[in-house]
Amino acid sequence: MPPRSKEELRREAAAKVTGVLVYPSDLQQEEMLWVEVVRAAHPHALIKSIDTSAAEKIPGVVRVLTHRDVPGLNAFGIQLQDQPVLCYDRVRYMGDAVALVGAESRQAARRGAELVRVEYEVLQPLCDPEAAMLPEAVKLHPGGNILHQGHFTKGDVEEGFARSAVIVEDTYQVPMMDHAYLETEAGMAYWEDDVLVVDACGQYIYRDQTQVARALGLPLEKIRVRAPYSGGAFGGKDEITVQIHLALMAYHTRRPCKMVATRPESIISHTKRHPAKMHFKTGASRSGKLLAHQVRIVSDTGAYASLGGPVLNLMIEHAGGPYLIPNVKIDAYAVYTNNGFSGAFRGFGCTQVCVAMESQMDRLAEALGMDPMEIRLKNVLHQGDLAPLGYPMKLKVGIEQTLKSARRGKLWRERRRIKNQLDHHSPSLRPYIKRGVGVAAQMQGLGLGVGIPDYAEVALRLLPGPRLELMASTNEIGQGAYTSYALMLARRTGLAPEQIELKVGDTKLAPDSGTTTASRTTYAVGNALLLALDRLEERLGQLVAEKLSLAAPVRLRLQGGRLMGESLQIELAQIVDDQGVEAKATFHLPVQDIELGDGLPHLLYSYGTHVVLVEVNTLTGEITVPAVEAHLDGGKVIFRQGFEGQSEGGIAQGLGYALFEEVKLNEGRFLTTNFDTYIIPSVMDVPYDMRTRPVEVKEGSGPFGAKGISETCTVGVAPAVLNALADALGVRFTRLPVRAEDVLKSLGEKGR
Amino acid sequence: MKVSVNLEINGRPAIFEVDPEERLVDTLRYKAGLTGTKEGCGVGECGACSVLLDGRLVSSCLVLTASVDGCRITTVEGLAGKEGLSDLQQAFIEEGAVQCGYCTPGMLLAAQALLERWKRPTVEQIRQGISGNLCRCTGYKKIISAVRKTARRRAEKK
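Note that the structure is predicted; figures quoted are calculated from it, not measured.

Asker: Outline the overall build of chain B, supporting the account with residue identities and numerical values.
Answerer: Each helix and strand counted, chain B has five helices and five strands in total. Listing every helix and strand of chain B by position from the N terminus yields β-β-α-β-β-β-α-α-α-α. The C-alpha atoms of chain B give a radius of gyration of 16 Å, which matches the 15 Å a tight globule of 158 residues would have. Reported as C-alpha extents along the three principal axes, the dimensions of chain B are approximately 50 × 30 × 25 Å. By the burial criterion, 56% of the 158 residues in chain B qualify as buried. In chain B, the proportion of contacts linking residues at least 24 apart, taken out of those at least 6 apart, comes to 58%.

As structure tokens, then:
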């Protein structure tokens, strides 16, 4: 790889390697209070009484707040406000907040929290989503326990199955997964004049502002939300975490208030990846053409809605993979239970269904005696084709290119040789080591989908110097978006990245650029900033015309420190004074012209094919992953190092999903509350041999041809692992994660 | 009861009055103002709070401040010299070993310690050296590359 120029490196990296960057958990102020949350003692119970008197007597405790102290709407939720800020009549999961304690020290706040006495009438928790769906089940919410359901039919699946030469059918189960960002939920709230400022981890500060204002009963302009650089998010900081609680304590005490979740509190209280049970039945012709696909999904959304509905819709949208299927029937349910609560997580529903769909594709290939790569290539969508749900794929479809890139890749091309490469083991062990190579292909909707407002507004200010300021509200959560913004501005203007300043993540300074989710920020903010640059140049053209007394505005382009017209060149300083010249623009993400549900479907997709090599010790059941290849179409790459980094991190998370990670609950109580029991991949579990091949299918509507990458880079990893395990062992696993004991058990069963 | 503790943090002497149960991570973050040291789990599993204690890599969430009287501590804030970033910090930037950056301080100290132990570490030795430090963003590859690059540069200098 050629040496990278300085501007292609992460902007804030120096502040991160020196430890000077202030994260939400690092915020401190004079006279600040520590806030601790009293959480539910049972996963399902009625609250009979709350007594705060003992807590209030603890030295250092300044204030204890309960539901009586919520001045506005005592509820929050991105779509449906069904989660209490502070519970009053009932608790529905172990993370439910019942009271807040503000104290001079963290110890005093903790001591106070222990002494808040809540009397409960304990109820039987609802832990089985199938049982919770039954009409006789106790209702967790007034509308019943089915948060959302989707039913879709295209063609006639029965007729399709009747024509099929092979049909494969199974039930797949995927676990609850924790985001496990290294920085837990944290922040600080304080008054600045008569505005309440909330500095906290977040992924959409304008929506956080709305949610805080609504709960406090204050007008929006009285709430300023900022989201400093935070220590990872992956969707887990999309919903409200600490913001309302912090604001509430600061509102009542008029003092700066700080919260940092402990790791167990983080795992218990925030959203998760939805556990799901998925029944898939797929039929194909003798030649391997998909003919019919029938799917039933039950997604456990836990105690509250958050984004459980849209996540289910993405499961429906992506349940047929990136394939052409004439007959499709899908029935899907998102069900309330007392099992924690689930919401947004990188992949957003696609992760779950891809596990099932890509297993199905391999099973069809096996049943037909076809090559797994060939059966996929035979069925992939092309531009103009109808997606599984029947709408046309209007934009360029890169799935075929990613598959072909994977087929050319070393792991696939040389898989027979690689599978027999066991020299690193002693001769006596070799017979017990099995290697396998698996592939998985997928597509991932980009942006929020049809029907959900999805836009990015940004502002630019050009100053003499030259200096260009970008105001955008989206957040840097590790993904590298801010570096991409600066690279796009630099590329378009000829300015050096250090001449570009970002004023970001602050409702006071930046307009609403939308969510930092759904792989959307490079695409959405990138398009918005290019539009704003056009406007800025128009404005400069007017100013030049005025200065030179020309009849009409001049068409100009900003080129470094100069303005270049067709017949003139002007130094910026002659036109722009210290006030600067500003321009704003809003980019609306293009959407499909049919709407099948909330956010369903998408117009834009990213595509990916993963190839995974696994090695299994059949004596111990131990699984290792020596190599992974990712062939990804996120459009044209803007920030190469960030692209690769996302991909490699996405692979690690996918391996965690496949092999290690499961939030375990027993009767609604969490059994895995820290990294000693909730195991995320360490460096020992992730191969150094990870290759990322950008398959750059230029997206015409994207900034410099770019789309997004942050989800498609992880979704295909787990099913590719399952397919590699099947290749190695001849055993098909249908439940994640696959652990050593599962391998041994299955080999034992196979032997019998 | 408070205990008086003398420490040398990043080459500078410091005295703290602490409760006997106060953790070193809290002393560093909330008394010394060195918030570069992070906390990720509180039980010594993630390595975000890693510091060097008399040159040895420790999880500062598992160390009681009162127990390390007279010790030398290096935190991430002590890695850069007067002439700027250390070679290791520079390599982390160049190789893209930093994403959200929350594991980075601990990772740098683990890398610093392993480079003391092995001058030209293999990939396996690097893995061993940072195996106590979790990262959720990078997949570790670029971190390993940054350590390898630093080792190579140090060897070339000699």
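Asker: Break down the overall build of chain A for me, citing the residues and quoting the values.
Answerer: Assigned secondary structure in chain A consists of 21 helices and 28 strands. The 752 residues of chain A split such that 59% are buried.

Asker: Tell me about the sheet that holds strand β8 (residues 166–174) of chain A, residues and numbers included.
Answerer: Strands pair in a sheet through their backbones, by hydrogen bonds, and they do so in one of two ways: parallel or antiparallel. Residues and elements named next belong to chain A. Read from one edge of the open sheet, five strands run β7-β15-β14-β13-β8, paired in mixed fashion. Two strands bound the open sheet, and with one partner strand each, they are β7 (146–154) and β8. Averaged over neighbouring strand pairs, the angle between their axes works out to 5° when direction is ignored. Here strand β13 (residues 276–284) runs beside strand β14 (residues 290–302); their pairing, made up of nine bridges, is antiparallel. Residue pairing in the sheet places Met278 in a bridge with Ile297 of β14.

Asker: How would you sum up unusual backbone geometry? Please name residues and give values.
Answerer: All names here are of chain A. The residue after Leu600, namely Pro601, is reached through a cis peptide bond having omega -5°. The residue Pro601 is located in the loop between β23 (581–588) and β24 (605–617) in this model. In this model, Leu736 is joined to Pro737 through a cis peptide bond whose omega is -10°. Tracing the backbone through its elements, the reader meets Pro737 in the loop between α20 (717–729) and α21 (740–751). Even without a glycine there, the phi angle at Ser306 is positive, about 40°. By the element assignment, Ser306 lies in the loop between β14 and α9 (308–318).

Asker: Mind laying out the nonpolar core, listing which residues take part and the relevant values?
Answerer: All names here are of chain A. Residues Val101, Leu246, Val458 and Val721 are the most contacted members of the largest nonpolar core, which totals 294 residues. Looking at this core element by element, the count peaks at eleven residues for helix α16 (residues 521–547). For Val458, the residues in contact, after removing those within four places along its chain, are Leu470, Met471, Ala472, Pro511, Ser513, Val525, Ala528, Leu529, Ala532 and Ala585.

Asker: Outline the interface of chain A and chain B, supporting the account with residue identities and numerical values.
Answerer: Every contact between the two is made by 42 residues of chain A and, on the other side, 42 residues of chain B. Residue contributions to the side of chain A that touches chain B peak at seven residues, all from helix α18 (residues 640–659) of chain A. Residues of the side of chain A that touches chain B, tallied by class, amount to 21 nonpolar, 13 polar and eight charged.

Asker: Could you give me a rundown of the domain arrangement of chain B, with the residues and numbers involved?
Answerer: All names here are of chain B. In terms of domains, chain B is made up of domain 1 (3–78) and domain 2 (87–157). Just the C-alpha atoms count here: the centres of domain 1 and domain 2 sit 21 Å apart. Each side of the interface is counted separately: domain 1 has 14 residues, and domain 2 has 13 residues. Considering every element that reaches the side of domain 1 that touches domain 2, the biggest residue donor is strand β3 (residues 50–53), with three residues. Among the residues making up the side of domain 1 that touches domain 2, the classes are represented as seven nonpolar, six polar and one charged.

Asker: So what about the sheet that holds strand β20 (residues 556–559) of chain A? Which residues, and what values?
Answerer: All names here are of chain A. The three strands lie next to each other as β20-β21-β22, forming an open sheet whose pairing is antiparallel. Of all strands in the sheet, those bounded by a partner on one side alone are β20 and β22 (569–571). Each strand axis lies, on average, 25° off the axis of its neighbour in the sheet, ignoring direction. In terms of strand pairing, strand β21 (residues 562–565) meets β22 through three bridges, oriented antiparallel. Its bridge partner lying in β22, Leu563 is registered against Ile570. Lying over the sheet, α16 contacts β20, β21 and β22, oriented at roughly 110° with respect to β20.

Asker: Give me the lowdown on the domain arrangement of chain A, citing residues and values where you can.
Answerer: Residue and element names in this part refer to chain A. Split by domain assignment, chain A resolves into domain 1 (14–123 + 185–260), domain 2 (276–448 + 596–751) and domain 3 (455–588). Here domain 2 and domain 3 have C-alpha centroids that lie 39 Å from each other. Contacts between domain 2 and domain 3 engage 22 residues on the former and 17 residues on the latter. Per element, the largest residue contribution to the side of domain 2 that touches domain 3 is three residues, and it comes from α18. Class assignment for the residues of the side of domain 2 that touches domain 3 results in ten nonpolar, ten polar and two charged.

Asker: Give me the lowdown on α18 of chain A, citing residues and values where you can.
Answerer: Between its first and last C-alpha atoms α18 of chain A spans 28 Å; for 20 residues at 1.5 Å apiece the expected length is 28 Å, and the two agree. Counting buried positions along α18 of chain A yields 19 of 20 residues, so the element is predominantly enclosed.

Asker: Outline the packing of helix α3 (residues 104–117) of chain B against helix α5 (residues 141–157) of chain B, listing residues and values.
Answerer: Residues and elements named next belong to chain B. At a closest axis distance of 11 Å, the pairing of α3 and α5 adopts a crossing angle of 40°. In terms of their interaxial angle, α3 and α5 are classed as oblique. Note on packing geometry: the crossing formed by α3 with α5 is right-handed. Residue-level inspection shows Met107, Ala111 and Leu115 of α3 in contact with α5, the latter providing Ile143, Val147, Thr150 and Ala151. Of the residues belonging to the contact of α3 with α5, the class tally is six nonpolar, one polar and no charged.

Asker: Kindly report on α20 of chain A, identifying the contributing residues and their values.
Answerer: Owing to its 3.6 residues per turn, the α-helix aligns residues three or four sequence positions apart on the same side. Residue and element names in this part refer to chain A. Under the 1.5 Å per step criterion, the end-to-end length of α20 is 18 Å for 13 residues, consistent within 8% with the ideal 18 Å. Across the 13 residues of α20, twelve count as buried, placing the element largely inside the fold. Buried residues of α20: Val717, Ala718, Pro719, Ala720, Val721, Leu722, Asn723, Ala724, Leu725, Ala726, Asp727 and Ala728, and no others. Backbone geometry just downstream of α20 places Gly730 in the positive-phi region, at approximately 70°.

The rules behind each value
Residues numbered from 1 in each chain as written. Chains lettered and ligands numbered in written order. Predicted model: local features only at pLDDT ≥ 70, side-chain atom pairs only at ≥ 80, totals over all residues. Helix = DSSP H or I, 4+ residues; strand = E, 2+ residues; numbered from the N terminus. Rg over C-alpha atoms; globule rule 2.2 N^0.38 Å. Buried ≥ 20, exposed ≤ 12 C-beta atoms within 10 Å, placed from the backbone. Contact = placed C-beta atoms within 7 Å. Pairing = 2+ DSSP bridges. Axes fitted to C-alpha atoms, helices over the stretch in contact; angles between N-to-C directions. Core = buried A, V, L, I, M, F, W, Y, C linked by C-beta atoms within 7 Å. Nonpolar A, V, L, I, M, F, W, Y, C, P; charged D, E, K, R; others polar. Domains from an automatic or database assignment. Expected span 1.5 Å × (residues − 1). Parallel < 35°, antiparallel > 145°, perpendicular 65-115°, else oblique. Left-handed = near helix turned anticlockwise from the far one by under 90°.

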